[in-house]
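Structural overview for review
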Amino acid sequence: AQSASIAFGAVKADPSQPVEVTAETLDVNQADGSARFIGDVVIIQGVMRLSANDVLVIYKQDETGKTGVERLEATGDVILVNGPDAAEADKAEYTIDSGTVVMTGNVLLSQSTGTLTSNRLVVDLTTGTASLSGRVKTILNGGSD
Amino acid sequence: MDGYSRLVAYLKVLLPLMALALMSTMFLISRGVNTDAVIPFAEQDLEDRTRGQQITAPFFSGTTAQGDEIMVTAALARPGGADAPATAVNLEAEIKMTGGGRFLLSSDTGALRPDKDMANFRGDVEILSSDGLRVTTQELNAALNGVRADSPGPVQASGAMGDLTAGAMQIDTKTDSGAVHMVFNKGVKLLYDPQQSER
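Residues numbered from 1 in each chain as written. Chains lettered and ligands numbered in written order. Predicted model: local features only at pLDDT ≥ 70, side-chain atom pairs only at ≥ 80, totals over all residues. Heavy atoms only, no water.

If you check an unreviewed UniProt entry, chain B appears there as Lipopolysaccharide-assembly, LptC-related protein from Phaeobacter inhibens.

As structure tokens, this is what we get:
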């Protein structure tokens, strides 16, 4: 499976910026402490916007208990917008501290230069690069500037 | 009889007399002991107590069908009339769930309606859940016969995942023997600050 890495997003994101999550409902399971946002969830950090139907919060655990959020698992028509570029997929995993978003499941990456589809897309927000792998297919907009 | 034995004879009489004089003056001069102890009650207290009946530090506890324990205590409770429910001040409640996990609820005032198995918390209601989530709201209705509570009004919460605000909140067990869920709805907005968790 070939993999292509291209620029993604105009500005390099800073992973220590506050993350804002808005949704219709939040379901906190008291038995295992897991938290799930349901109903057009939007995650915003700096210029990055990730929207999905359902987002599960995975905590950072240490012996004293939960200390923070390790990553967010979004499922259900996920759309990641970062500056001029946008990517769509079925599932996405956003690890906050490292600032990487792993999108899987018929990924469609649309940029001004053209659109690419693949099975998997790894976006590194801190360096502003994205690498696609698995059945990468590019559709070049013929004739556009 | 020489001088020495005359001196001893005089002392044998004089010293006991001095001792007697000392002993008697000790009781005459000492300050009197006031025997009537003053009971520390302020007038206001007496008026409060006589105006209506009240129970100090009432304690209500029960277990649900699934075995969760619910304990409600208060600083002070006044019995309600036919229409008004019993009201309580500084209400605190603890719900221990069979599946592990605990809720600590506290509020300024509240009303207890055992006939409808309901406890109503009002005024700076605070809910601490065992996984470290601290929820504050203005009003919460908690069921006494099961782990169910709902806060109709806006809610704020803070925990490991950051600070969030929501329009309403319900605590419920989805499946009958399943885990207890705390559901925030009517628009949830969470703010998580990665730096905060680094420290």
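Some points on the side chain of Thr137 of chain B
Residue and element names in this part refer to chain B. Locating Thr137 in the fold gives a position in strand 8 (residues 134-143). Looking at Thr137, the relative accessible area reads 4%, which means it is buried. Within the structure, the side chain of Thr137 is placed 3.0 Å from the side chain of Ser151, a separation counted as a polar contact. Once residues lying within four places of it in the same chain are set aside, the contact partners of Thr137 are Asp124, Val125, Ser151, Gly153, Pro154 and Val155. (Helix = DSSP H or I, 4+ residues; strand = E, 2+ residues; numbered from the N terminus. Buried < 20%, exposed > 50% of the residue type's maximum accessible area, 1.4 Å probe, protein only. Polar contact = N/O pair within 3.5 Å; in protein donor to acceptor, adjacent residues only side chain to side chain. Contact = heavy atoms within 4.5 Å.)

Some words on the environment of Ala168 of chain B
All names here are of chain B. Position of Ala168 relative to the elements: it lies in strand 11 (residues 162-173). Taking C-alpha positions, Ala168 is 6.0 Å from Val155, a pair spaced 13 residues apart along the chain. For Ala168, the contacting residues outside a window of four places in its chain are Ser151, Pro152, Gly153, Val155, Val183, Phe184, Asn185 and Lys186.

Describing the pairing of strand 6 (residues 65-82) of chain A
Residues and elements named next belong to chain A. In the sheet, strand 5 (residues 48-62) pairs with strand 6 via 13 bridges, with the strands oriented antiparallel. Counted as the bridge partner of Met48 is Asn82 from strand 6. Pairing geometry for strand 6 and strand 7 (residues 85-95), over 10 bridges, is antiparallel. The residue bridging Ile79 from the neighbouring strand is Glu88, located in strand 7. What sits between strand 6 and strand 7 in their antiparallel hairpin is a turn of 2 residues, with Gly83 showing a positive phi close to 65 degrees. (Pairing = 2+ DSSP bridges.)

Here we look at the UniProt feature "transmembrane region" (unreviewed entry) in chain B
Under the feature "transmembrane region" (unreviewed entry), the UniProt entry names residues 7-29 of chain B. Split by type, residues 7-29 of chain B is 100% helix and 0% strand. Its first and last C-alpha atoms lie 32 Å apart. (UniProt positions renumbered as here; feature names shortened; annotations may be inferred.)

A look at the pairing of strand 5 of chain A
Residue and element names in this part refer to chain A. Two elements, strand 4 (residues 35-45) and strand 5, share 9 bridges in a ladder whose sense is antiparallel. The residue of strand 5 that forms the bridge with Val41 is Ala52. In this structure, the hairpin formed by strand 4 and strand 5 is closed by a connection of 2 residues, where Gly46 is found at a positive phi of approximately 60 degrees. Counting the residues between successive antiparallel strands, the hairpin from strand 5 to strand 6 contains 2 residues.

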